[in-house]
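Below, each chain spelled out in residue letters.
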Amino acid sequence: MITSLAGRTSAPLLPPGEVRIGGFGGVAGLAGYLRTSRIDVLVDATHPFAAGISANAAAAAAATGVPLIALRRPGWAESPGDEWHRVPDLPGAAALLPRLGCRVFLTTGRQGIAAFADVDAWFLARSVEPPAPPMPARLEVLLDRGPFTLDGERRILAGHAIDVLVTKDSGGPGAKLAAARERGIPVVMVDRPPLPAGVVAATSVEEVADRITRAG
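Everything in this summary refers to the structure shown in the same document. Residue positions are given per chain, counted from 1 along the sequence in the order it is written. With the structure being a predicted model, the display of local features is reserved for residues of pLDDT at least 70 and the display and counting of side-chain atom pairs for 80 or more, all residues being used for whole-chain, interface and lining totals. Side-chain numbers come from the whole structure's heavy atoms, not from hydrogens or water.

Aromatic pairing here means that ring centres of Phe, Tyr or Trp (its six-membered ring) are within 6.5 Å. Orientation follows from the plane angle: under 30 degrees is stacked, over 60 is edge-to-face, and everything else is tilted. Under the counting rule described, the total for this entry stands at two aromatic pairs. Geometry around Trp122 places Arg103 over its ring, the cationic atom sitting 4.0 Å from the centre. Criterion for a charge above a ring: Lys NZ or Arg CZ within 6 Å of the ring centre, and within 35 degrees of the ring normal.

As C-alpha cells, this is what we get:
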C-alpha cells in the first residue's frame, strides 16, 4: 500500500507503509503515476472539503480505468438543543455571522480564514499551523491538533466568551458541537461539497477494505 499526502502541513502524522508527499501535477500527472506504479485500486481518503483533489482523482481514475473508492465518514446530524445554521460555503458563513454573534470560534482550518477577513467580529481560530494573510483584524490563533475532548472544548468556549461557532461538516468526533449545545451557542455549519458524479463512496476503513477485496 502506498499513501500519498498533499504536503499541506510541515510535520504530518505519517501512517505505516510507503509514503509519498506532494502533488502529482494535476490529472495528467496522477494518471501517469497510476499507470507507471501499476496501481490496482485508488482510494480517495482526503478531507471531505478537498474538492479539487477528489475531482482530480475521479478524472485520473476514469482516464486509466483504475477503480476508485472515496472514503467519507458520515457528516454530523443535529441533536435536540442544537441551533445550527447551514450554509453552502465559507463566504456564506461570513455573511451570516453578524446576525449571530461577535465572538467567534473558527474551526474551519487555516486556509479558510481569509473568507472572514472583512467580518467585524473577534475571532479565535484553531489550526495546526499559523494562517497567512488576509486575516480578520481581531484574531487570536490557537495552534492545536485533534482529537479534542469535551472538557477542553468547554474551557475554550467559556474562557474566551465565545457566542458563535463556525465549522465545516467534516464528521467524526463532535466535542465542540456538544460543548456549543450545552452553552446554547449557535453553530454555523458549512455543508461539504458533493463527490464527483459516479464515484463510489464508503463510510469506513472496513468498508473500503471489503470493497477492495471484492474488486480483487
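Once you've had a look at it, read on.
Okay, the nonpolar core next. What is meant by a nonpolar core is a set of buried Ala, Val, Leu, Ile, Met, Phe, Trp, Tyr and Cys residues, joined one to another through side-chain atoms within 4.5 Å. Relative accessibility decides the category of a residue: with a 1.4 Å probe and only protein chains considered, values under 20% of the type maximum give buried, values over 50% give exposed, and everything between is partly exposed. Counting residues in hydrophobic clusters, the biggest one holds 20 residues, and the most contacted among them are Leu97, Phe116, Phe123, Val166 and Val188. Those elements giving two or more residues to this core turn out to be helix H3 (90-96), strand E6 (103-107), strand E7 (122-127), strand E9 (164-168) and strand E10 (187-190). Here the element with the most residues in this core is H3; it accounts for four residues. Any two residues whose heavy atoms approach within 4.5 Å are treated as being in contact. Once residues lying within four places of it in the same chain are set aside, the contact partners of Val166 are Ala93, Leu97, Val104, Phe105, Leu106, Thr107, Thr108, Phe116 and Val188. Judged by nonpolar contacts, the second largest core, of 15 residues, contains Leu157, Ile162, Ala180 and Ile185. Secondary structure elements follow DSSP: runs of H or I of four or more residues count as helices, runs of E of two or more count as strands, with numbering from the N terminus.

Right, let's get into the sheet that holds strand E3 (residues 42-44). Two strands are said to pair when DSSP picks up at least two bridges between them. Here we have three strands laid out as an open sheet, ordered E3-E4-E11, and parallel in their pairing. Here the strands that pair on one side only, and so sit at the sheet edges, are E3 and strand E11 (200-202). Taken pair by pair, the neighbouring strands of this sheet meet at an average axis angle of 30°, ignoring direction. As judged from the three bridges shared by strand E4 (residues 68-71) and E11, these two strands associate in the parallel manner. Bridging from a neighbouring strand, Ala70 pairs with Ala201 of E11. Angles shown run from 0 to 180 degrees and are taken between the N-to-C directions of axes, each axis being a line fitted to C-alpha atoms and, for helices, limited to the stretch in contact.

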